[in-house]
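Each chain is listed here by its residues.
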Amino acid sequence: MDTDFFEAVWYVLTDPARAGEHLTLTAAEVKYALVWTSSKVALEFSREVAAARGMKVTPLYSWTLKEAFLTAAEYLGAGHLLIDYRQGQLQAAALPVAVARERLGPETGNAQP
């Protein structure tokens, strides 16, 4: 995974009616938390996928917010991130949450304001 991903703003879909609820996807018995590096693509996904309609695109600017998201994803049972997924796309980059935790944070040079 390119380090630019860890330095970029992450965009996630959250449920405005339920705090801490993020969109997840299960495929091949693996649960994924979805993350986008473009707010436009995340918004398009929320409009195209019935389960995501009404969800809010939330930017994660800092490593602290990204860390909180990873914690929430694990709490929801997601073991992997699915990055920049588009409906109908046959493949997307995936990353174990544990690896994302290792690569993220102020000690790795990915601190953000």
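What comes next concerns the included structure. (Residues numbered from 1 in each chain as written. Predicted model: local features only at pLDDT ≥ 70, side-chain atom pairs only at ≥ 80, totals over all residues. Heavy atoms only, no water.)

Here we come to unusual backbone geometry. Positive phi outside glycine occurs at Ala28, with the angle close to 50°. Along the chain, Ala28 falls in the loop between strand E2 (24–27) and strand E3 (30–35). (Helix = DSSP H or I, 4+ residues; strand = E, 2+ residues; numbered from the N terminus.)

So, about the pairing of strand E5 (residues 80–83). Bridge count for E3 against E5 is four bridges, and the pairing is parallel. Looking at the pairing, Leu34 lines up with Leu82 of E5. Relative to strand E6 (residues 93–96), E5 runs antiparallel, the two being bridged by four bridges. Across the sheet, the residue bridging to His80 is Pro96, located in E6. (Pairing = 2+ DSSP bridges.)

Before going further, it helps to spend a moment on the environment of Leu70. As for its placement among the helices and strands, Leu70 is situated in helix H3 (residues 63–75). What makes Leu70 buried here is its relative accessible area of 0%. Taking the C-alpha atoms as reference, Leu70 lies 9.3 Å from His80; in sequence the two are ten residues apart. Excluding anything up to four places from it in sequence, Leu70 contacts Trp10, Leu81, Val97, Ala100, Arg101 and Leu104. (Buried < 20%, exposed > 50% of the residue type's maximum accessible area, 1.4 Å probe, protein only. Contact = heavy atoms within 4.5 Å.)

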